[in-house]
Amino acid sequence: QVQLVESGGGLVQAGGSLRLSCTASGRTFSKNPMGWFRQAPGREREFVGAISWTGTRLRDSVKGRFTISRDNAKNTVYLQMNSLKPEDTAVYYCAVQIGVVIAETPAEYSYWGQGTQVTVSS
């Protein structure tokens, strides 16, 4: 079965950095967009960024701070988060879209990880 497992979350002070990893098993997704979403308490799950086999996309609020990358040999996607702000606090989920072009809505993603907590203190 397909399984996505995130890691790398934790507690960090504002201005710090974290690197999230998500490894998929059960299927290879080299040509599928792999994305990151986050959900804070009381808020909707929102798109953070994604990477396809042709490019990347990031939401405006994290541009210049976050970088998304992937290692297809490891079936893994990464989210490097720098200059973290308290507003970045959320559970971060990785997901795989069954398609080619990057989508930004959770409904377009078929497989999800369990989430990893990122807490940024001030």
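Let me begin by describing the structure that accompanies this report. (Residues numbered from 1 in each chain as written. Predicted model: local features only at pLDDT ≥ 70, side-chain atom pairs only at ≥ 80, totals over all residues. Heavy atoms only, no water.)

**Considering the layout of surface pockets**
Reported here for the largest pocket is a volume of approximately 160 Å³. Forming the walls of the largest pocket are Arg 38, Gln 39, Ala 40, Arg 43, Glu 44, Glu 46, Ser 61, Pro 86, Glu 87, Thr 89 and Ala 90. Counted by class, the lining of the largest pocket contains three nonpolar, three polar and five charged residues. (1 Å grid on protein atoms, 1.4 Å probe; cavity = no way out; pocket = protein on both sides within 12 Å on 5 of 7 lines; lining within 4 Å. Points joined across faces, edges and corners; volume = space filled by probe spheres on them. Nonpolar A, V, L, I, M, F, W, Y, C, P; charged D, E, K, R; others polar.)

**Quick look at the state of the cysteines**
Under the definition given, this model contains one disulfide. Across the disulfide from Cys 22 sits Cys 94; the S-S distance is 1.8 Å. The sign of the S-S torsion, about 50 degrees, decides the handedness of the disulfide formed by Cys 22 and Cys 94: right-handed. Residue Cys 22 is located in strand β3 (residues 18-25), and its partner Cys 94 is located in strand β9 (residues 90-97); the two are separated by 72 residues in the primary sequence. In this structure Cys 94 comes out as buried when scored by relative accessible area, which is 0%. (Disulfide = S-S within 2.5 Å. Helix = DSSP H or I, 4+ residues; strand = E, 2+ residues; numbered from the N terminus. Buried < 20%, exposed > 50% of the residue type's maximum accessible area, 1.4 Å probe, protein only.)

**Details of the nonpolar core**
Generally speaking, a soluble globular protein has its nonpolar side chains buried in company with each other. Grouped together as the largest cluster of nonpolar side chains are 26 residues, with contacts concentrated most on Trp 36, Phe 66, Val 77, Leu 79, Met 81 and Tyr 92. Secondary structure elements with two or more residues in this core: β3, β4 (34-39), β5 (46-51), β7 (66-71), β8 (76-81), β9 and β11 (116-121). In contact with Phe 66, other than residues within four places in its own chain, are Arg 38, Val 48, Leu 58, Leu 79, Gln 80, Met 81, Asn 82, Leu 84, Asp 88 and Tyr 92. If you look at the next biggest cluster of nonpolar residues, it comprises seven residues, including Ala 95, Ile 102, Ala 103 and Tyr 109. (Core = buried A, V, L, I, M, F, W, Y, C linked by side-chain atoms within 4.5 Å. Contact = heavy atoms within 4.5 Å.)

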